[in-house]
Amino acid sequence: MSEHPAQPANPLASKSSGWSGRFDEPVADFVLRYTASVGFDRRLALADIEGSLAHAAMLGRAGIITAQDLADIERGLGQIRGEIERGSFEWRLDLEDVHLNIEKRLTDLVGDAGKRLHTGRSRNDQVATDLRLWLRAEVDGIAQLIRNLQAVLVDQAERHAATVMPGFTHLQVAQPVTFGHHMLAYAEMFERDRERLLDARRRINRLPLGAAALAGTTYPIDRAFVAERLGFEAVAANSLDAVSDRDFAIEFSAAAALLMMHVSRLGEELVLWMSPRFGFVRLPDRFTTGSSIMPQKKNPDVPELARGKSGRVIGHLMGLLVLMKGQPLAYNKDNQEDKEPLFDTVDTVRDTLRAFAEMLDGLEVDTAAMRRAAAEGHSTATDLADYLTRRGMPFRDAHEAVARAVRLAASRNVELADLPLADLQAIAPAITDDVRRVLSLDGSVGARDHPGGTAPGQVRRQVARWRQRLAG
Ligand code: ARG
């Protein structure tokens, strides 16, 4: 679309706007540009046509328009859909928004029948319907992209069910865990995101059309028919609420913000793991970039950018909440501002999920580096305390005894697991030589063998559970 359309930017002169009759002078050019939304809301065009086709079918069935009018409208909208898909549709800024652009073209194509399409309808219920139709499809697409990412996480979990890495608290080595277990933690987070999106979908999927401008309409409309034709699960029960409600957009944005927060945490971990100080993973070169000055660099730009982009999605959620908080019932033009944040949220989430699925699919793990790091920091100290407790020592005393052993190891610059048996026995006589297995990394992860634990066998069971879920 050109910023400055070739057509007269004067709706009175062109007699083309949907509302010129009551005005003495045309809208100022600047105001036209300020208020127009066609530059972005044309993204709703196919949803707008779908909604109009259902509305027209209802008008025809109810005898509000003739069969001939309906046939003309269907033919015209079909042609317009083709023009939009081919990119030959001429969008006009002076026609303000996607709705008036399509309606004007329809009237040019089929005459009076086109002018009858808007019977019993307002742009207020029309735009709310379009947005819901569009967002519903996007939710389904995002739910699938989440599945794709989960499938990659599950593949990595299977490959690395027994790969030992350090688990952290406070970013200090805490206890050994398996990398597979770590990957499945994210699969769980993304599952909650998916649940939230699909739950929000139920409230997205309600039909505003029929509310007209705000109070309903005097025509004998059949809202249930329109709802059924468009695949809506219910009809919005209150016309004032129907045209002014944007809760569904906010709920979606909240779910998207949480999702991006999860991606951001994963991004942060990848950045850490890729840094030479950790050296745990390598990303495929196609997901990293070099530095223009430092020839040796390989930077984790994609994880960093995802971490950064979570900020804009969280910001859009805030923007939508503030957009709505001061609005009296019912529709207000403020609502036109709901679209750009929603569009950007959808685009950002889609691109990010896709990038992460492809990137993690190519992620290579340096299992030796992970194992080395897991062996640092006396990471199996808790295992030794549990061992002493099993031999009858109260846990608090065991904790104390192991703390002394750790001090001894630290004073000698060795790991707890490397202290000679005699030194351990001097601290706690109950210790025998089976303690070696207890202090080992594989012994440690293998011992956490219950649902939700990090043991390789548990990770494999979770992988199997995930495989079933992903297949279903
Ligand atoms: N472009 C408008 C929007 O996005 C459509 C509804 C306009 N209705 C109105 N009465 N101005 O919200």
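In this text the structure is predicted, and so the values were computed from the model without any measurement.

Trainee: Please explain the overall build of the protein as it appears in this structure.
Mentor: Helices and strands together make up the secondary structure of the protein, namely 21 helices and six strands. Taken over C-alpha atoms, the radius of gyration comes to 31 Å for the protein, far larger than the 23 Å a tight globule of 472 residues would show. With respect to the principal axes defined by its C-alpha atoms, the protein has extents near 100 × 55 × 40 Å. Taken across its 472 residues, the protein has 51% of its residues classed as buried. Counting contacts in the protein only where the partners sit at least 6 residues apart, residues at least 24 apart contribute 75% of the total.

Trainee: What am I meant to see in the packing of aromatic side chains here?
Mentor: Aromatic rings in a pair are described by how distant their centres are and how their planes are angled relative to each other. This model, assessed by the stated rule, comprises seven aromatic pairs. With a centroid separation of 4.9 Å and 75° between ring planes, the pair formed by Trp134 and Phe343 is classed as edge-to-face. Separated by 209 residues along the polypeptide, Trp134 in helix α8 (residues 123–159) and Phe343 in helix α14 (residues 339–361) bring together distant segments of the chain. The buried category is assigned to Trp134, whose relative accessible area is 8%. Each residue in the set Phe168, Phe278 and Phe280 is aromatic and connected to the rest through ring pairs, giving one cluster. For Arg136, the ring lying beneath its charged end belongs to Phe232, and the centroid distance is 5.3 Å. When the ring centre of Trp466 is taken as reference, the NZ or CZ atom of Arg469 above it lies at 4.6 Å.

Trainee: Got a minute to help me understand the pattern of salt bridges in this structure?
Mentor: Taken as a whole and assessed by the stated rule, the structure comprises 34 salt bridges. In this structure, the salt-bridge partner of Glu188 is Arg465, at a minimum N-O distance of 3.4 Å. Taken together, the residues Glu188 in helix α9 (residues 179–204) and Arg465 in helix α21 (residues 456–471) connect sequence positions 277 residues apart. The class of Glu188 is partly exposed, set by a relative accessible area of 28%. Salt-bridge contacts for Lys298 lead to Asp285; the nearest nitrogen and oxygen are separated by 2.7 Å. You can see Lys298 sitting in the loop between β5 (281–282) and α13 (301–325) and its partner Asp285 sitting in the loop between β5 and α13, a full 13 residues away along the chain. Each of Glu96, Asp97, Arg123 and Lys333 takes part in salt bridges that share partners, so that together they form one network.

Trainee: Even after reading the chapter, I still don't get the pairing of strand β1 (residues 164–169), so can you show me in this structure?
Mentor: Within a regular strand, the side chains alternate between the two sheet faces. Across six bridges, β1 lies against strand β2 (residues 172–178) in antiparallel orientation. Bridged to Gly167 within β2 is Gln175. The antiparallel hairpin formed by β1 and β2 contains two residues in its connecting segment, where His170 sits at a positive phi of about 55°.

Trainee: Could you clarify how one ought to interpret the site of the ligand in this entry?
Mentor: Around the ligand, the structure places Ser37, Asp41, Asp97, His99, Arg123, Asn124, Val127, Tyr331, Gln336 and Lys339. Asp97 places a side-chain nitrogen or oxygen 3.0 Å from a nitrogen atom of the ligand. Considering the ligand on its own, with 340 Å² of exposed area, one finds that the protein chains cover 85% of that surface. Here the residues of the shell around the ligand are counted per class, giving two nonpolar, four polar and four charged.

Trainee: I'm lost on the packing of helix α5 (residues 67–86) against helix α6 (residues 98–110) in this one. Help?
Mentor: If you want to describe how two helices pack, look at the angle between their axes and the distance between the axes. Between α5 and α6, the shortest axis-to-axis distance is 9 Å and the interhelical angle comes to 120°. Taken together, the axis directions place α5 and α6 in an arrangement best described as oblique. For the crossing formed where α5 meets α6, the hand is right-handed. Taking contact as the criterion, the partners of Asp72, Ile73, Arg75, Gly76, Leu77, Gln79, Ile80, Glu83 and Ile84 in α5 are, on α6, Ile102, Arg105, Leu106, Leu109 and Val110. Classifying every residue of the contact of α5 with α6 by side-chain character gives eight nonpolar, two polar and four charged.

Trainee: Quick question: what am I supposed to make of the nonpolar core here?
Mentor: For soluble globular proteins, the rule of thumb is that nonpolar side chains tend to be buried together. Membership of the largest hydrophobic core comes to 101 residues, with the highest contact counts inside it found for Ile102, Trp134, Phe190, Phe252, Phe356 and Leu360. In terms of residue count, helix α12 (residues 247–274) provides more of this core than any other element does, 14 residues in total. Apart from residues no more than four positions distant in its own chain, Leu360 is found in contact with Leu149, Val152, Leu153, Gln156, Leu266 and Leu270. By size, the runner-up hydrophobic cluster in this structure holds 19 residues, among which are Tyr387, Leu388, Val435 and Leu439.

Reading guide: rules and limits
Residues numbered from 1 in each chain as written. Predicted model: local features only at pLDDT ≥ 70, side-chain atom pairs only at ≥ 80, totals over all residues. Heavy atoms only, no water. Helix = DSSP H or I, 4+ residues; strand = E, 2+ residues; numbered from the N terminus. Rg over C-alpha atoms; globule rule 2.2 N^0.38 Å. Buried < 20%, exposed > 50% of the residue type's maximum accessible area, 1.4 Å probe, protein only. Contact = heavy atoms within 4.5 Å. Phe/Tyr/Trp six-rings, centres within 6.5 Å; stacked < 30°, edge-to-face > 60°. Lys NZ or Arg CZ within 6 Å of the ring centre and 35° of its normal. Salt bridge = Lys/Arg side-chain N within 4 Å of Asp/Glu carboxyl O. Pairing = 2+ DSSP bridges. Near = heavy atom within 4 Å. Polar contact = N/O pair within 3.5 Å; in protein donor to acceptor, adjacent residues only side chain to side chain. Areas by Shrake-Rupley, 256 points an atom, 1.4 Å probe, with all protein chains shown as cover. Nonpolar A, V, L, I, M, F, W, Y, C, P; charged D, E, K, R; others polar. Axes fitted to C-alpha atoms, helices over the stretch in contact; angles between N-to-C directions. Parallel < 35°, antiparallel > 145°, perpendicular 65-115°, else oblique. Left-handed = near helix turned anticlockwise from the far one by under 90°. Core = buried A, V, L, I, M, F, W, Y, C linked by side-chain atoms within 4.5 Å.

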